[in-house]
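Read off the chains here:
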Amino acid sequence: MASFNLDDYIRKVPDFPKKGILFYDITSVLASPEAFKFCIDKMVEIYEGKQIDAVAAIEARGFLFAAPYAAIMRIPLIPIRKKGKLPGVTLSKKYDLEYAQAEIEVHSADVPRGKRVLLTDDLIATGGTLNAARSLLLEGGAVVPEIFGIVGLPFLNYRQILDPTPVTTLITYDSE
Ligand code: AMP
C-alpha cells in the first residue's frame with residue numbers, strides 16, 4: 001500500500017476539452033479496483049477521528065468518490081448539482097467561470113444545520129466551484145470544516161480562494 005503510486009492511474013489528456021488544457025482523467029482510476037479502493041481507503045484514513053457528519057459532492061465526478069465514502073462511513077451524501085436537476089426546494093449559487101457564469105444547487109432540506117460537512121470533488125483547479133458549493137452549505141447553516149479532492153492543481157491558486165478551510169488532496173500536479 002505504501003508504494004502505491006496513484007499517478008500511474010491518472011490519464012493525462014493534452015488539449016482536452018480545449019487547446020492548452022491538460023485534462024487529468026480519473027476514469028482510469030475507476031477502471032482499476034486497486035486504485036479506486038486506494039482513494040476511498042485514503043479518504044477514510046484522512047478523516048478518521050475527525051467529526052464528519054455528512055459528505056457533500058459536486059456533480060458529476062465528485063459523486064463517484066463521495067458515494068462509497070458515505071456508505072462506508074454511514075453518513076448522509078449531499079449531492080450538489082447543476083441548475084435545474086434537483087426537483088425539490090433548493091438553495092442556488094451563481095459563480096464565474098473563465099468566460100461564462102455557472103449555477104449550482106442543493107436541496108435545502110439536505111443541508112444539515114449546525115452539522116460538519118466534508119466538501120469534496122474529484123479535482124480542484126481554480127477552486128471556484130468548491131467555493132460556490134461551500135457558500136451554499138454555509139447558507140444552509142452547515143459547517144464546512146474540510147475540503148477534499150483526489151487531484152489538486154495548486155498552481156491555479158485554489159488555496160487562496162478556499163482559505164481558511166483546510167484542503168487535502170491525494171496528489172498534486174504543477175502544470176496544466
Ligand atoms: P474549478 O472550479 O476550476 O476548481 O474546476 C471545476 C471542475 O472542473 C472540477 O470539478 C474538475 O472536475 C474540472 N476540471 C478543471 N480543470 C481540470 C483539468 N485540468 N482536468 C480535469 N478536470 C478539470
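Residues numbered from 1 in each chain as written. Predicted model: local features only at pLDDT ≥ 70, side-chain atom pairs only at ≥ 80, totals over all residues. Heavy atoms only, no water.

> How should I be thinking about the site of the ligand in this particular structure?
The full set close to the ligand counts 15 residues, and L22, D121, T126, G127 and T129 are the nearest of them. Side-chain polar atom of T129 to an oxygen atom of the ligand: 2.6 Å apart, as the coordinates give it. Here the ligand has 490 Å² of accessible area as a free molecule, and 82% of this is covered by the chains. Those elements giving two or more residues to the shell around the ligand turn out to be β2 (22–25), β7 (116–124) and α4 (128–139). Ranked by residues supplied to the shell around the ligand, first place goes to β7 with four residues. By residue class, the composition of the shell around the ligand is seven nonpolar, four polar and four charged. (Near = heavy atom within 4 Å. Polar contact = N/O pair within 3.5 Å; in protein donor to acceptor, adjacent residues only side chain to side chain. Areas by Shrake-Rupley, 256 points an atom, 1.4 Å probe, with all protein chains shown as cover. Helix = DSSP H or I, 4+ residues; strand = E, 2+ residues; numbered from the N terminus. Nonpolar A, V, L, I, M, F, W, Y, C, P; charged D, E, K, R; others polar.)

> Would you take a moment to explain the sheet that holds β7 for this structure?
Two strands in a sheet stick together by hydrogen bonds in their backbones, pointing the same way (parallel) or opposite ways (antiparallel). Taken together, seven strands build an open sheet; the order of strands is β5-β6-β4-β3-β7-β8-β9 and the sheet is mixed. Lying at the two open borders of the sheet, with one neighbouring strand each, are β5 (90–96) and β9 (167–172). Ignoring which end each strand starts from, the neighbouring axes of this sheet average 20° apart. Pairing of strand β8 (residues 143–152) with β9 involves five bridges; the strand directions are parallel. Residue pairing for β9: I147 is matched across the bridge by V167. Lying on the sheet, α4 is in contact with β3 (54–58), β4 (77–82), β5, β6 (101–107), β7 and β8; it crosses β5 at an angle near 150°. (Pairing = 2+ DSSP bridges. Axes fitted to C-alpha atoms, helices over the stretch in contact; angles between N-to-C directions. Contact = heavy atoms within 4.5 Å.)

> Is there a simple way to think about the pairing of β7 in this case?
The two faces of a sheet get side chains in turn, since along a regular strand they alternate between them. Most of β7 is tucked away, with seven of its nine residues classed as buried. As defined by bridge partners, β3 adjoins β7 across four bridges and the pair is classed as parallel. In the strand pairing of β7, A56 is matched with L119. Across seven bridges, β7 lies against β8 in parallel orientation. Within β8, the residue paired with L118 across the bridge is E146. As a crossover connection, the stretch from β7 through α4 into β8 is right-handed. (Buried < 20%, exposed > 50% of the residue type's maximum accessible area, 1.4 Å probe, protein only. Right-handed = clockwise from strand over helix to strand, strands pointing away.)

> When you look at the environment of E34 in this model, what are you seeing that I'm missing?
Structurally, E34 can be placed in helix α2 (residues 33–47). Overall, E34 belongs to the exposed group, its relative accessible area being 53%. Taking the C-alpha atoms as reference points, E34 and L86, 52 residues apart in sequence, are found 33 Å from one another.

> What am I meant to see in α2 here?
Note: α-helices contain 3.6 residues per turn, so residues at a spacing of three or four share the same orientation. Here α2 contains 15 residues, and its C-alpha end-to-end distance of 21 Å stays within 8% of the 21 Å for a straight helix at 1.5 Å per residue. Among all positions of α2, only A35, F38, C39, I40, M43, V44 and Y47 are buried. Here the buried face of α2 lies against α1 (27–30), α3 (61–73), β7, β8 and β9. Just downstream of α2, G49 is the residue with a positive phi angle, here 85°. (Expected span 1.5 Å × (residues − 1).)

Just distances and angles here, no functional claims.
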